[in-house]
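Inside the fold
So you can see what is in the structure, the chains are spelled out below.
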Amino acid sequence: LWWDPFIHCPKKREITGTMFVRITMTRTAALLLTLPALLASALDSQSCASDAIPLMTLANGVKMPQLAVGTCFRDTVADGTTPSSLPSNPNFFGFLPERTYRSLTVALEMGYRHIDTALVYRSQKAIGSVLATKFASGELQREDLFITTKLFHGSMKGLTRIGSTLELDTMTPEEVTSAIEEQVEVILEELGVGYVDLLLLHWPAVMDSKDEGNPARRLAAWKVLETMLSRGWARSIGVSNFSEDHIERLMADGATVLPMVNQIEASVYLQWDKIADYCREKGIALMAYSPLGLGKQSLLNDPVVAAIADKHKVTPAQVALRYLVQLDYAVLPLSTSKERLGQNMDTFKFSLDEDDMQKLSALKSKNEGIGLPTPYGMS
């Protein structure tokens, strides 16, 4: 569309410096005039994509997108016989927050607006960096996003870093209160925002802990979240990996706000039916992490899942996600692939029929998760 004098003018050498400056300025001005329209078109496209993701209404009226982009990038398969998946570092065992930059950037450009993270994932600084770029350019505003994060995680030697987890079994409730208040500050600093949309207690206790002090520590941590809710530093609050017994005890011990969300592991191969039924009865929204289980190593190669995918002309992953969506879960799959991120968004473009749902529900008898402890294993 541009008229270039050095291409179209037969007397190139007769173009004077003044003429070139004027032509260049004209081209620059024209380009500047088109940029807002191009940017608006791109933003409209992102808006249409994000509008396709349904919103779940939490107990306090806050709207939460049903699909989130996960940011728990880790390689935790290395052991005595199985090397890391990193060819250049076969001994690696830990989190890989550097993968967040590209994944989140692509996801936001595609229309994702719900981001799931946690202090222990080490991805919050990367998220903050990506968001700072989007905010500075005007592509996004804080109000466009829904940020979920988690704290109150027991230590895991060799995997987690000091400061992101707590030696909970040795702490008094007063020490927990102080530590959780500090962790909230760290979260907001790392994300570079003034508030989060959903703040969760990551675990009810140290994994598999039967310590008798666990209920008092949970209550102390929860009271901090209630304060953050009243202060506006969190728009909603909830729990993760909690059984129905944990929630009942929390309320009986003196909590004044019922958790608005319970984020638990759930997939075609794993369902905590009692927890899910309790949450639905109480109006507690469900979120499913690891919704694809062990991925291609298991449920994505299941012949039942594959047959239903062929029937609807979609992928096995889309079937696995759609199954949870129709059970009223919010889902947070993890991917660095633009193609798979797009496929995850297309989960809302088809529906499973009753026969599909019954066949998929039968697969939960496999009871296969990613290896984390049962929610019922902690006092």
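Attention here is on the structure that accompanies the text. (Residues numbered from 1 in each chain as written. Predicted model: local features only at pLDDT ≥ 70, side-chain atom pairs only at ≥ 80, totals over all residues. Heavy atoms only, no water.)

Before going further, it helps to spend a moment on the pattern of salt bridges. Counted under the stated rule, the structure contains 14 salt bridges. Where Arg142 meets Asp197, a salt bridge forms, and the shortest distance between an N and an O atom there is 2.8 Å. Residue Arg142 is located in the loop between α4 (124–137) and β7 (146–151), and its partner Asp197 is located in the loop between α5 (173–191) and β8 (198–201); the two are separated by 55 residues in the primary sequence. Neither Arg142 nor Asp197 differs from the other in exposure class; each is buried. The residue Arg280 makes a salt bridge to Asp277 at a minimum N-O spacing of 3.3 Å. Note that Arg280 and Asp277 are positioned in helix α8 (residues 273–282) at a spacing of three residues, about one turn of the helix. By relative accessible area, Arg280 is classed as partly exposed at 37%. (Salt bridge = Lys/Arg side-chain N within 4 Å of Asp/Glu carboxyl O. Helix = DSSP H or I, 4+ residues; strand = E, 2+ residues; numbered from the N terminus. Buried < 20%, exposed > 50% of the residue type's maximum accessible area, 1.4 Å probe, protein only.)

Take the packing of α4 against α5 next. In the contact formed by α4 and α5, the axes pass within 7 Å of each other and the chain directions differ by 40°. As far as their axial angle goes, α5 and α4 are oblique. Across the interface between the two elements, Gln124, Lys125, Ile127 and Gly128 from α4 touch Ile187, Glu190 and Leu191 from α5. The residue makeup of the contact of α4 with α5, split by class, is three nonpolar, two polar and two charged. (Axes fitted to C-alpha atoms, helices over the stretch in contact; angles between N-to-C directions. Parallel < 35°, antiparallel > 145°, perpendicular 65-115°, else oblique. Contact = heavy atoms within 4.5 Å. Nonpolar A, V, L, I, M, F, W, Y, C, P; charged D, E, K, R; others polar.)

It is worth stressing that arrangement in space is one thing and function is another; only the former is reported here.
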